[in-house]
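Tertiary structure, described
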Amino acid sequence: MNTFQGYRRPNGEVGIRNHLLLIPTVICANQVVNRISQLVGDTVAIPHQHGCSQIGADKDRTFDVLAGTGKNPNVGGVIIISLGCEVIDPTALAEAIRVTGKKIEVFDIQSIGGSVKAIQHGAELARKMRAELDQEQKVAIPFNELKVGVKCGGSDATSGLASNPALGVAADSLIAEGGGIVISETTEIIGAEHVLAERCRTPEVSDKLYYIVDRFEKEVERMGADMRGGNPSPGNIAGGLTTIEEKSLGCISKCGTAPIEGIVEYAEFIPANGLYFMDSPGNDIECVSGMAAGGVHIVCFTTGRGTPTGAAVVPVIKITGNKKMYERMTDNMDVDVSELLDGTLSMEAAGERIWQEIQEVSNGKQTKAEILGHNEFSINRIGPSL
């Protein structure tokens, strides 16, 4: 069985990175968290605008995304920094992450005496925890424990013709190894949901897929908006995409040909084996953050127009079928499969090229987004602020 070198966590899960994650429970703690990250190298901060003035399911979503990001197996240790009076309970958040057995510390700015003292205390904790994480050793891990998210953004005509179907071939390669794939972006399958529904393992899974699409369309209708006013986006249209159905047919090709085993909610834990669909927005950062909170190790991200964005705790592999864009944005692109369009590269060979990149990144190769420090993070909201 093929293997890669990863970190075996106390709960049996495996990580391909060993991040020290700094989590602010609320926007008020962002600056303290950012300063700690600046002072202590090899740490990842996830500042966000939420954590207070939230209620019900909206508050729960923020909690779930923060907890899921902390539980992601690419994270070896976590420091939670709270203000001290927000609606997100830092102790409950710590307990939700602690079930994984990983290292965790928590403190609040108000009790410790303000920003300066909090930065000093947090930096001391971070240096100690980072030194402990650096002592951990990698071990051989079979690829049937790897989970990969597939995503597209900044799409153009080359996405559906080249990079997306090539990624689908790579997705089938991982599933053949026993690994897991998750596709998301509910907004990006509208008009093609029947195609995916036919691939669902059971009628119940098919019904759930139709349900989440209908739920989203009704929410847009409730707001008095027309989704087709923003999807395809102006950039998509300039890149040659004409309708949402055309965009969706290209989008779904990136998850390969395996049956869909189940549907998971945004940021919900993703099982390890087979193909799953996560209900999420199409927004790049919100979508990838949801998949990371669900436990993926890597995200493969196709783009024709080009985008530099990465993610906080998971490597993001950028793939394109647009030769001109690849040459223009080579700083940001990892894999070029544009030869598909001139007939000098077969679809199977293009998929193998992406699959090889997945294997190398699993073994520690840094993506362009990682090298450039792209740690984007964003939480999808579902309610008003109070």
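Here, every reference points to the structure presented above.
Residues numbered from 1 in each chain as written. Predicted model: local features only at pLDDT ≥ 70, side-chain atom pairs only at ≥ 80, totals over all residues. Heavy atoms only, no water.

1. Points about the nonpolar core
Grouped together as the largest cluster of nonpolar side chains are 47 residues, with contacts concentrated most on Leu209, Val337, Ile354 and Ile358. For this core, the leading source of residues is helix H6 (residues 157-176), giving seven residues. Ignoring anything within four residues of it in the chain, the contact list for Ile354 reads Ser163, Ala166, Leu167, Ala170, Ile319, Val335 and Val337. By size, the runner-up hydrophobic cluster in this structure holds 38 residues, among which are Val75, Met278, Ala311 and Val314. (Core = buried A, V, L, I, M, F, W, Y, C linked by side-chain atoms within 4.5 Å. Buried < 20%, exposed > 50% of the residue type's maximum accessible area, 1.4 Å probe, protein only. Helix = DSSP H or I, 4+ residues; strand = E, 2+ residues; numbered from the N terminus. Contact = heavy atoms within 4.5 Å.)

2. Looking at the environment of Val116
Among the structural elements, Val116 can be located in helix H5 (residues 115-133). Among the residues examined, Val116 registers a relative accessible area of 58% and is labelled exposed. Separated by 84 residues in sequence, Val116 and Val32 have C-alpha atoms that sit 8.1 Å apart.

3. A closer look at the sheet that holds strand S8 (residues 147-152)
Hydrogen bonds along the backbone pair up the strands of a sheet, which may run parallel or antiparallel. Spatially, the seven strands line up as an open sheet ordered S10-S11-S9-S8-S12-S13-S14, and their pairing is parallel. Sheet topology places strand S10 (260-264) and strand S14 (335-336) at the edges, where each strand pairs with a single neighbour. As judged from the four bridges shared by strand S12 (residues 298-302) and strand S13 (residues 316-320), these two strands associate in the parallel manner. Bridge pairing in S13 links Phe301 to Lys318. With respect to the sheet, helix H11 (residues 284-293) is in contact with S8, strand S9 (180-183), strand S11 (274-278), S12 and S13, its orientation differing from that of S8 by roughly 170°. (Pairing = 2+ DSSP bridges. Axes fitted to C-alpha atoms, helices over the stretch in contact; angles between N-to-C directions.)

4. Some words on the pattern of salt bridges
The full count for this structure, using the stated rule, is 21 salt bridges. The residue Arg17 makes a salt bridge to Glu370 at a minimum N-O spacing of 2.9 Å. Of this pair, Arg17 sits in the loop between strand S2 (14-15) and strand S3 (19-24) while Glu370 is found in helix H14 (residues 368-371), placing the two residues 353 residues apart along the sequence. Among the residues examined, Arg17 registers a relative accessible area of 8% and is labelled buried. (Salt bridge = Lys/Arg side-chain N within 4 Å of Asp/Glu carboxyl O.)

5. Focus: the packing of aromatic side chains
With the rule as written, the count across this model stands at two aromatic pairs. Taken together, a centroid distance of 5.0 Å and an interplanar angle of 55° make the contact between Phe4 and Phe143 tilted. Taken together, the residues Phe4 in strand S1 (residues 3-8) and Phe143 in the loop between strand S7 (139-142) and S8 connect sequence positions 139 residues apart. Of the two residues examined, Phe4 and Phe143, each falls in the buried class. Each residue in the set Phe4, Phe143 and Trp355 is aromatic and connected to the rest through ring pairs, giving one cluster. The ring of Phe301 has Lys318 sitting right over it, with the charged end atom 5.0 Å from the ring centre. (Phe/Tyr/Trp six-rings, centres within 6.5 Å; stacked < 30°, edge-to-face > 60°. Lys NZ or Arg CZ within 6 Å of the ring centre and 35° of its normal.)

6. As for the environment of Pro165
By the element assignment, Pro165 lies in helix H6. C-alpha of Pro165 to C-alpha of Gly256: the two residues are 91 residues apart in sequence and 7.2 Å apart in space. Leave out the neighbours within four places in its chain, and Pro165 touches Ser159, Gly160, Ser253 and Met347.

7. Looking at the side chain of Asp58
Its place among the elements puts Asp58 in helix H2 (residues 56-71). The class for Asp58 is buried, based on a relative accessible area of 4%. At a separation of 2.9 Å, a polar atom in the side chain of Asp58 contacts the side chain of Gln54. The contacts of Asp58, once residues within four sequence positions are left out, are Arg381, Ile382, Gly383 and Pro384. (Polar contact = N/O pair within 3.5 Å; in protein donor to acceptor, adjacent residues only side chain to side chain.)

8. Overview of the side chain of Asp336
Examined against the element boundaries, Asp336 turns out to sit in strand S14. With a relative accessible area of 8%, Asp336 lands in the buried category. Residue contacts for Asp336: discarding those within four places in its chain leaves Thr320, Lys323, Tyr326 and Arg353.

Interpretation note: all reported values are geometric properties and have no functional meaning in isolation.
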